[in-house]
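A structural walkthrough
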Amino acid sequence: MNKQSFLFRRVITAAIVLILTGQACTFSLFQNPAGNSPTVVPGLVTPPTPQPVAQTTFTAILPEPLQPNETLAIAIMDEVTGLSMNAAQYPMNVRDSLTYTVTLPLPYNSVVKYRYVKRGASQVLEDSNSGAEIRYRMDFVAGPGEIQDIIADWGDKTYTRPTGTILGQVLNMDTGSPLPNILVAAGGAQSITDSGGRFEISNLPTGTQNLLVYSLDGLYQPFQQGAVVAENNSTIVDLRVKPAQLVNVTFLVAIPDTTVPGVPVRIAGNILQLGNTFADLQGGVSTVADRMPIMSLQSDGRYAVTQALPVGANIQYKYTLGDGFWNAEHDGNGQWVLRDFVVPAQDVILQDAVATWAAGDSAPILFEVSIPSVTPPGDIIYIQFNAFGWMEPLPMWPLGNNQWAYKLYGPLNMLGSFSYRYCRNGQCGSADDGDTIGAAPTGRRVITSFTGQDLKDTVNTWKWFENPEPIALVGANITPRAGGFIAGIEFQSTFRPNWSYYAPQALANTQALGANMVILTPTWTYTKISPVRFAPFPGQDPLWIDSAIMISQARTLGLNVALFPAPNFPVTPSSTNIRGASSAEFWMNAPRDAQWWQAWFTRYRAFATNYADLASQTGAQTLILGGDWLAPALLNGKLPDGSPSNPPADVEAQWKSIIADVRQHFKGQVLWALPYTKASLEAPLNFLQDVDGIYLLWSATLSTNPSATKTDYANEAGRLLDNEIAPLTSLVKKPLVLAIAYPSVAGAASGCLPDGTGKCVDWTALNRPNPDMNSVSVNLQTQADIYEAILTAVNARAWISGFVSRGYYPPAALQDKSASIHSKPAADILWYWYPRLTGAIK
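All figures in this text were calculated on a predicted structure; none of them were measured in a lab. (Residues numbered from 1 in each chain as written. Predicted model: local features only at pLDDT ≥ 70, side-chain atom pairs only at ≥ 80, totals over all residues. Heavy atoms only, no water.)

**As for unusual backbone geometry**
Most peptide bonds take the trans configuration, and most residues that are not glycine carry a negative phi. Stated formally: Think of it this way: any DSSP run of H or I at least four residues long counts as a helix, any run of E at least two long counts as a strand, and we number them from the N terminus.
The residue after Ser-530, namely Pro-531, is reached through a cis peptide bond having omega -5 degrees. Its location among the elements puts Pro-531 in the loop between strand E35 (523–528) and strand E36 (533–535). Not every positive phi belongs to a glycine, and Asn-109 is a case in point at roughly 65 degrees. Following the sequence through the fold, Asn-109 ends up in the loop between strand E5 (99–107) and strand E6 (111–119). Residues other than glycine seldom take positive phi values, yet Asn-203 does so here, at roughly 60 degrees.

**Brief notes about helix H10 (residues 825–837)**
Put simply, the rule is: By this rule, a helix spans an expected 1.5 Å times one less than how many residues it contains. Working definition: with a 1.4 Å probe on protein chains only, accessible area under 20% of the residue-type maximum means buried, over 50% means exposed, and in between means partly exposed. Two residues qualify as a contact provided that any one of their heavy atoms is within 4.5 Å of a heavy atom in the partner residue.
Spanning 13 residues, H10 covers 19 Å between terminal C-alpha atoms, matching the ideal 18 Å at 1.5 Å per step. Buried residues dominate H10, accounting for 10 of its 13 residues. For H10, the set of buried residues is Pro-825, Ala-826, Ala-827, Ile-829, Leu-830, Tyr-832, Trp-833, Tyr-834, Pro-835 and Leu-837. On its buried side, H10 packs onto strand E33 (486–491), helix H9 (780–795) and strand E45 (800–808). Gly-839 sits one or two residues past H10 and shows a positive phi near 85 degrees.

**What to know about the sheet that holds E35**
Formally: In this scheme, strands are said to pair when DSSP sees at least two bridges between them. Axes, fitted as lines to C-alpha atoms, cover a helix only where it is in contact. Angles between the N-to-C directions of the axes lie from 0 to 180 degrees.
Taken in spatial order, the three strands line up as E36-E35-E38 in an open sheet, and their pairing is mixed. Each having just a single partner strand, E36 and strand E38 (566–568) make up the two edges of the open sheet. Averaged over neighbouring strand pairs, the angle between their axes works out to 30 degrees when direction is ignored. By the bridge criterion, three bridges tie E35 to E36 in an arrangement that is antiparallel. Opposite Lys-528, over in E36, you have Arg-533 as the bridge partner.

**Section: the packing of aromatic side chains**
Selection criterion: Ring pairs shown here join Phe, Tyr and Trp side chains whose ring centres sit within 6.5 Å, with only the six-membered ring taken for Trp; geometry is labelled stacked below 30 degrees between planes, edge-to-face above 60, and tilted in between.
Across all of its chains, the model carries 55 aromatic pairs by this definition. With a centroid separation of 4.8 Å and 45 degrees between ring planes, the pair formed by Trp-397 and Tyr-406 is classed as tilted. Accessibility classification places Trp-397 together with Tyr-406 in one group, the buried group. Between the aromatic rings of Trp-597 and Trp-600, the centroid separation amounts to 6.0 Å while the plane-to-plane angle is 80 degrees, which identifies the pairing as edge-to-face. Highlighted residues: Trp-597 and Trp-600, both in helix H5 (residues 594–618), separated by three residues, approximately one helical turn. A relative accessible area of 2% means that Trp-597 is categorised as buried. On the basis of relative accessibility, which here comes to 0%, the residue Trp-600 falls in the buried class.

**A look at the state of the cysteines**
Rules: Disulfide assignment relies on a single distance test, namely cysteine sulfur atoms paired within 2.5 Å.
Taken as a whole and judged by the stated rule, the model has two disulfides. In this model Cys-423 forms its disulfide with Cys-428; the gap between the sulfur atoms is 2.0 Å. The S-S bond linking Cys-423 to Cys-428 shows a torsion near -70 degrees; that makes this disulfide left-handed. The class for Cys-428 is buried, based on a relative accessible area of 14%. Each sulfur of the disulfide joining Cys-752 and Cys-760 lies 1.8 Å from the other.

**Notes on the side chain of Gln-273**
Worth spelling out the cut-off: Throughout this description, a polar contact denotes any pair of N or O atoms lying within 3.5 Å of each other; where both atoms belong to protein, one of them has to be capable of donating a hydrogen while the other can accept it, and for residues adjacent in sequence the pair is counted only when both atoms sit in side chains.
Here Gln-273 lies in the loop between strand E19 (266–269) and strand E20 (296–297). For Gln-273, the side chain forms a polar contact with the main-chain oxygen of Asp-217, separated by 2.9 Å.

**Structural notes on the packing of helix H8 (residues 710–732) against H9**
Defined as follows: Roughly parallel refers to an angle under 35 degrees, roughly antiparallel to one over 145, roughly perpendicular to one between 65 and 115, and oblique to any angle outside these ranges. Less than a right angle of anticlockwise turn of the near helix away from the far helix marks a crossing as left-handed, whereas a clockwise turn marks it as right-handed.
Running from N to C, H8 and H9 point in directions that differ by 45 degrees, and their axes come no closer than 8 Å. Comparing the axis directions of H8 and H9 gives the class oblique. Seen from above, H8 lies across H9 with right-handed handedness. Mapping the contact onto sequence places Lys-710, Tyr-713, Ala-714, Ala-717, Gly-718 and Leu-721 in H8 and Asp-785, Ile-786, Glu-788, Ala-789, Ile-790 and Ala-793 in H9.

**Brief notes about the confidence of the model for the protein chain**
Keep this limit in mind: A residue's pLDDT is the predictor's confidence in that residue, given on a scale from 0 to 100.
Model confidence for the protein chain is summarised by a mean pLDDT of 91, while 93% of its residues fall at 70 or above. The low-confidence segment residues 11–43, where pLDDT is below 50, has 98 contacts with residues more than four positions distant or belonging to other chains.

**Notes on the nonpolar core**
To keep it simple, the criterion reads: Nonpolar cores are built from buried Ala, Val, Leu, Ile, Met, Phe, Trp, Tyr and Cys residues. Side-chain atoms within 4.5 Å join them into one set.
In this structure, Trp-600, Trp-655, Trp-698, Ile-790 and Phe-803 are the most contacted members of the largest nonpolar core, which totals 111 residues. Among the elements that take part in this core, H5 stands out by supplying 11 residues, more than any other. Counting 86 residues, the second-largest nonpolar core is a separate cluster that includes Ala-185, Tyr-214, Met-295 and Ile-315.

**Overview of the pairing of strand E30 (residues 417–424)**
Among the eight residues in E30, seven count as buried, and that is most of the element. Of the strand pairs in this sheet, E30 and strand E31 (residues 444–447) are connected by four bridges, and their pairing is antiparallel. Paired with Tyr-420 across the two strands is Arg-444, which belongs to E31.

**Observations concerning the packing of H5 against helix H6 (residues 651–665)**
Their axes nearest at 8 Å, the elements H5 and H6 cross at an angle of 25 degrees. Between H5 and H6, the crossing angle belongs to the class labelled roughly parallel. The crossing of H5 and H6 is right-handed. On H6, the residues touching Gln-598, Trp-600, Phe-601, Tyr-604, Arg-605, Ala-608, Thr-609, Ala-612, Asp-613 and Ser-616 of H5 are Val-651, Gln-654, Trp-655, Ser-657, Ile-658, Asp-661, Val-662 and His-665.

**Topic: the pattern of salt bridges**
Heads up, the condition is: Only one rule defines a salt bridge in this text: a Lys or Arg side-chain nitrogen within 4 Å of an Asp or Glu carboxyl oxygen.
The final tally for this structure, using the stated rule, is 32 salt bridges. Of the charged contacts, one joins Glu-133 and Arg-115 as a salt bridge, the two residues approaching to 3.7 Å between their closest N and O atoms. A residue pair is termed long-range when its members are at least 10 positions apart, and Glu-133 in the loop between strand E7 (123–127) and strand E8 (137–140) and Arg-115 in strand E6 qualify at 18 residues. A salt bridge links Arg-339 to Asp-352, with the shortest nitrogen-to-oxygen separation between them at 3.4 Å. Taken together, the residues span a long stretch of sequence, with Arg-339 in strand E23 (residues 339–342) and Asp-352 in strand E24 (residues 348–353) at a distance of 13 residues. Salt bridges linked by common partners bring Glu-79, Lys-113, Arg-135 and Asp-280 together as one network.

So this is what it looks like as structure tokens:
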């Protein structure tokens, strides 16, 4: 077996585990919840309790002496509950004015997450040299030892000090193959490896840093060593980690008899399989209920689930009726419970008991809600609470007949009054109750009480799904295309970890439209412009395993898969989270000198080959490079303001080299995404000869006349295709796929979305969860008419090799202003046209 197929097998193993465990509740209350139903076999070994401990000394070196009223503490973090929720602080002892130390007993083979806190008039967390708050440092407790840390900065003060970089590669110790999706941590900074196992951690204080390699799913054993960081230099390391074997771990738990019968009990934990996202999510939590395993009710009233977990993995976990914070178990004193064990080398049963879901004297609150009859039957209703800001939504419990319920047990002792709201499919801020719209509504209010409460609410309307109605379809004489014609749906590139549960439903909807290809748009994030930092960012970008799971799900449905990787850009106080605006600011602020361009092309090459490897190892058929955001990096490139971008003289050679490199990693079809602009069509892009086809990004102006008809749209689309696009295909002699994006707003055919100040904004400005734009009004019929008109034009031009709808919003049906066709009249148009174009319907 070759190295690549071995890695793919391990990826798919983890993917299957995540698919089976990350299921939101779809059962009826008072019935046995759907979940994995283990056969509980008696006599298996239970690990010893408590675990043996090792004495670990932490030594912290400060940037300057503390003030007389200040002390230093180390905070041991709890990522399962929430990094800011349940940290245990231990005061440190003074060794000298800059050095503090403490010795703690820590469990053998555990991976401890911690950071330093300066305590005085207020508590101040440590920062990195770049001013970013440190999530946590990491220490692998292999035995007694000492960890020495250098504190670079505090949140209330900035210091200038020499820095350096650690970069390198993480490899499988047994096979030598590079490993993606591995977390590498040093000095409180973290990096996720790409498909080449590459990582880079920059801006570290000089000196010896503790370097730790950690597998997010535990499939590889932790590895730790010191790394010396020199000023303005890069320390290069090759790190080899050993794969772990999987054993079956059965969790068997007795829950309080006050628990509502039949409700889902989940396990929240510190690895991917137990719902950890390794990201800072809403409200400061890191775990998501939708990605946690659901337990099955046993005949004796206990709950059980069996998970395949890696031997030697340090597992921290808790039982919950919500997530790691809401409705999670507490001990008899009302304190958070966080269980801890190391997976043994044989199958094991863990027998536990939950003391209580509550904390303090406040009584539980039952929320009951009636929802509109037009709610899609597959939707799940969520409740979102606002304790320290809006937190991650929680799936409610279905009662039937458009009724849902959720009983909140705790931690009500922390709250006096708080807000809540309802939404669909966990997309609060996008698929909202009509009374609590947007990212920051006031919400409905509730006050805790010593007596139980039963709150009965009604959702009268869902925002963007008030009164959905199908449209009347008009028949057309459609000419079936030869095999190979692409009828595709391109998912939008925004990502949230709780989308994963809804991917199968979105892919099934794609298949039901008659599409034969889904185009996935995974992302990396530019976290810094200069020097360029471009890598996966947990919570904002899908991890390797997230994308691998979606590809596997699509292939199971018989869909072809294309990967069209895209960037996310840094958001500054003067920018927005709208891709078109933030990409413009990125290019305008970049130094664009020779050194910067070389670094930029190096990062893009790693980005492209990463997704070439992902496509190759998961069976995706097509990889799409390019995109409208790349215009400044092409020959004769222009900045968003029209001035020259001054790309390097060898820019064409750079692109030809990247495409050649991609082809070494991926043997499938490679397309180039070319925006439909005058500059793009006129630019002499010689490297187009090296790709297999053109993926034309089309949002062309079809009419500025508000009274224009479908016929007018079709005639203009045909004219543009004949006069401007057909000559291009004749020149490059490559097939062309037309990928269109038109929002469902009045005036969409004009090709300009007015922002209210006389400017046009990119169509992605209307993507969810971006805020609504009042400068445009929703018009679903306009979008449907444009689709029918362009398809009519395509039908008359056999040289067009495919048609793709861009901007599909996967997690929920919304009849909003965005370009997504999910449950809009334009989807009905595709449902009629796609199977006839592909010949599935004669």
